[in-house]
Amino acid sequence: MSLKTREDYLASLRDMRPNIYKFGQLIEDVVTDPVTRRVVESHARAFDAAHDPEREEIFTVVSPETGERIMRFTSVLATMDDVLANMRLKRHSFRETGSCTGGLCVGWNAMNTMRAVTFEMDSELGTDYSRRLRAWAAQCQEQCLVVAGALTDAKGDRSKVPSQQEDTDVTVHVVEKRDDGIVVRGVKAMIAGAAAANEIFVLPGSGYREGDSGYAVSFAVPRDAEGLTLVECRRPSDNREMEAGFDSPVETGITQSYLLFDNVFVPNERVFMCGEYKYTAAVIRYFTANYRACIGGCVTGQGDVMVGAAVLMARANGLSAKKFTEKLVQMAINNETTFGMGAGAIALGRQHPAGVWLADDTLAHVNKVHVATLPYESRRLLQDVCGGLVETGCFPSFADFHHEEYGHWVQKSLKASKATAESRARLARLAEWLSIGAGVPGCMHGGGSPDGAKLVVRLNTPLEAYAGYAKKLAGVAEEITEP
Ligand SMILES: Cc1cc2nc3c(=O)[nH]c(=O)nc-3n(C[C@H](O)[C@H](O)[C@H](O)COP(=O)(O)OP(=O)(O)OC[C@H]3O[C@@H](n4cnc5c(N)ncnc54)[C@H](O)[C@@H]3O)c2cc1C
């Protein structure tokens, strides 16, 4: 077995059935189409890194099961070090792409989550899900497959459970059970990196009760499975797919997809949960613990690029970066807070009997709240340091910069230091992209809403026990109850 190269990866995407649409058009070649080429480029960089001695330790690992070197994003997260390595991979990936590479992390976390949950189901119910999952995961390792992870359903009315929805297709569910597999239907929404993935790993989107057992389903399908259609979501201004030159500041990017499952057949060997609703709460709990710890790595990696962009923009504006030391340091503190909080959640985690490491719930959810807050503060500081041209992208386009008649006026206007006008424009577009464009990795809702995280923190915080400490220290003898 050998590690795929960039070329092998791109060929594997080209071999798939075209089933991705945007603007009503079918994308024939996902590798070159302007809508998807940047998200593919972001993911392809992981394969370059796997063959680079300086970065291979970040992007690959020797599998303890087979002794073979595999892409790290297909590995078992067995130990604290493995999950810390997940976080480091994400930080590094953001430094190289400026944006999210969801196909390298959500599916990875989802398959590890299901290692724990299938273990529990098999032990308690006598099912055979763990063996299936291990067999499927071994294929992913052998073939270095990129796996997008799909939890989020379109959901419909948020105040109702799936079976109460007017249109039950808003949540992925089982419509038929056959001897050889199941047929599924419904919509998973906002799935990061799906267009760059070889496989889609589906998890139930929430904890369900008995009446919603048909929605308690987990499985994996090839991204081009019969009956599955992807519709890309991002607006063109987000990943600059319609723009050229410095207006399209990076060659990387992210798109999310709506996944339309129109009666997709899933063979039994690829089904890892089907109706066991009592275990859906564990799916959400284990998934969010590691995801919300490791997402600290994503926003930190992007924050590192934001600090760098602020330094260079200050200089391109003719000012010393030292003038902004306090703001730059605050940005660094914001970064390291989410990184450190995530690392702390991982360090205080535990190993599940299935042999996967699970981060500490409370700290992971606290981190999610910081992730939904601090990067916005860093973006504000980036815009503050850089000036109005970054805040609103308010300067002429690449085509105007090179216009025969008035281009030289645009160029004069953009020159502000020894740096060329074009370098200043490039940096400004990058900083704009990082602070108001596709660079924004979904800090608020990616990995779930901060309110959801706060709910868990509330549930995990023993208010009465803490009241007991205060009562004792204050020497209060009486019970002070809720009014
Ligand atoms: C950039 C990005 C990348 C993403 N990538 C992926 C991915 O790869 N895979 C994936 O599965 N998902 C992905 N998501 C989806 C993400 O997980 C969801 O956005 C998130 O879980 C929130 O769901 P929602 O967007 O439907 O918001 P909503 O559920 O509509 O929430 C909106 C607000 O309403 C509140 N709310 C919702 N329901 C209730 C209720 N019943 N009672 C009270 N308050 C409520 C929430 O707390 C929140 O404040 C991504 C999202 C983003 C933005």
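Residues numbered from 1 in each chain as written. Predicted model: local features only at pLDDT ≥ 70, side-chain atom pairs only at ≥ 80, totals over all residues. Heavy atoms only, no water.

**Section: empty space enclosed by the protein**
Move 1: A complete count under the given rule lists one cavity of 30 Å³ or more for this structure.
Move 2: The volume enclosed by the largest cavity comes to roughly 40 Å³.
Move 3: Among the elements of the structure, α8 (280–316), α9 (325–347) and α11 (374–386) are those that each provide at least two residues to the lining of the largest cavity.
Move 4: Of the residues forming the lining of the largest cavity, the biggest block, four residues, is contributed by α8.
Move 5: In the lining of the largest cavity, the residues fall into four nonpolar, six polar and no charged. (1 Å grid on protein atoms, 1.4 Å probe; cavity = no way out; pocket = protein on both sides within 12 Å on 5 of 7 lines; lining within 4 Å. Points joined across faces, edges and corners; volume = space filled by probe spheres on them. Helix = DSSP H or I, 4+ residues; strand = E, 2+ residues; numbered from the N terminus. Nonpolar A, V, L, I, M, F, W, Y, C, P; charged D, E, K, R; others polar.)

**A look at helix α5 (residues 106–125)**
At 3.6 residues per turn, the α-helix brings residues three or four places apart onto the same side.
Move 1: Counted at 1.5 Å a residue, the expected span for α5 with its 20 residues is 28 Å, and the 27 Å between its end C-alpha atoms agrees.
Move 2: Within α5, 16 of the 20 residues are buried, which leaves the element mostly enclosed by the surrounding structure. (Expected span 1.5 Å × (residues − 1). Buried < 20%, exposed > 50% of the residue type's maximum accessible area, 1.4 Å probe, protein only.)

**Comments concerning the environment of A216**
Move 1: Looking at where A216 falls in the secondary structure, it is placed in the loop between β8 (199–202) and β9 (217–222).
Move 2: In sequence terms A216 and N290 are 74 residues apart; their C-alpha atoms lie 21 Å from each other.
Move 3: Excluding residues within four positions of it along the chain, A216 makes contact with P204, Y208, M273, C274, G275, E276, Y277 and T280. (Contact = heavy atoms within 4.5 Å.)

**So, the sheet that holds strand β10 (residues 228–232)**
Move 1: Strand order across the open sheet formed by six strands is β2-β1-β10-β11-β7-β6, with mixed pairing between neighbours. Where the open sheet ends on each side, the last strands, each with one partner, are β2 (25–26) and β6 (173–178). (Pairing = 2+ DSSP bridges.)

**Observations regarding the site of the ligand**
Move 1: Near the ligand there are 20 residues, and of these L151, T152, K155, R158 and S449 occur at the shortest range.
Move 2: With respect to the ligand, the side chain of R158 contributes an N or O atom lying 2.8 Å from an oxygen atom.
Move 3: In the environment of the ligand, an oxygen atom lies 2.9 Å from a nitrogen or oxygen atom belonging to the backbone of A192.
Move 4: In isolation the ligand has 970 Å² of accessible area, and contact with the protein removes 65% of it.
Move 5: Those elements that place two or more of their residues in the shell around the ligand are β5 (147–150) and β7 (181–192).
Move 6: The two domains that each donate at least three residues to the shell around the ligand are domain 1 (6–281) and domain 2 (288–463). (Near = heavy atom within 4 Å. Polar contact = N/O pair within 3.5 Å; in protein donor to acceptor, adjacent residues only side chain to side chain. Areas by Shrake-Rupley, 256 points an atom, 1.4 Å probe, with all protein chains shown as cover. Domains from an automatic or database assignment.)

**Brief notes about the pattern of salt bridges**
Move 1: For the structure shown, the criterion picks out 27 salt bridges.
Move 2: Its salt-bridge partner being K160, residue D157 comes within 3.8 Å of it at the nearest N-O pair.
Move 3: Assessed through its relative accessible area of 36%, D157 is described here as partly exposed.
Move 4: The residue R285 makes a salt bridge to D361 at a minimum N-O spacing of 2.6 Å. Of this pair, R285 sits in helix α8 while D361 sits in helix α10 (residues 361–371), and the two are 76 residues apart along the sequence.
Move 5: Its relative accessible area of 42% is what places R285 among the partly exposed residues. (Salt bridge = Lys/Arg side-chain N within 4 Å of Asp/Glu carboxyl O.)

**Here's the deal with the domain arrangement of the protein**
Move 1: Here the domain parsing of the protein yields domain 1 (6–281) and domain 2 (288–463).
Move 2: Taking the mean C-alpha position of each, domain 1 and domain 2 sit 24 Å from one another.
Move 3: Each partner contributes residues to the interface: domain 1 has 38 residues there, and domain 2 has 46 residues.
Move 4: A buried area of about 3,300 Å², summed over both sides, lies between domain 1 and domain 2, and 68% of it is on carbon and sulfur atoms.
Move 5: Our enumeration of links across domain 1 and domain 2 arrives at four salt bridges.
Move 6: Residues D304 and R91 are paired through a salt bridge, measuring 2.8 Å at the closest nitrogen-oxygen approach. (Buried area = accessible area lost by both parts, 1.4 Å probe.)

**What to know about the pairing of β7**
As a general feature of sheets, a regular strand has side chains that alternate between the two faces.
Move 1: A large share of β7 lies buried, amounting to ten of its twelve residues.
Move 2: Pairing between β6 and β7: five bridges, direction antiparallel. Paired with R178 across the strands is G181, a residue of β7.
Move 3: Turn length for the β6-β7 hairpin, with the two strands adjacent in sequence and antiparallel, is two residues.
Move 4: Note that β7 and strand β11 (residues 256–267) share nine bridges and pair antiparallel.

**Topic: the nonpolar core**
Move 1: Counting 106 residues, the largest nonpolar core has M114, W136, F201 and F261 as the members making the most contacts within it.
Move 2: When residues of this core are sorted by domain, at least three fall in each of domain 1 (6–281) and domain 2 (288–463).
Move 3: When sequence neighbours within four positions are dropped, the list of residues in contact with W136 reads M111, V147, E199, F201, A220, R270 and F272.
Move 4: One finds V250, A309, V311 and A421 within the second-largest nonpolar core, a separate group that totals 33 residues. (Core = buried A, V, L, I, M, F, W, Y, C linked by side-chain atoms within 4.5 Å.)

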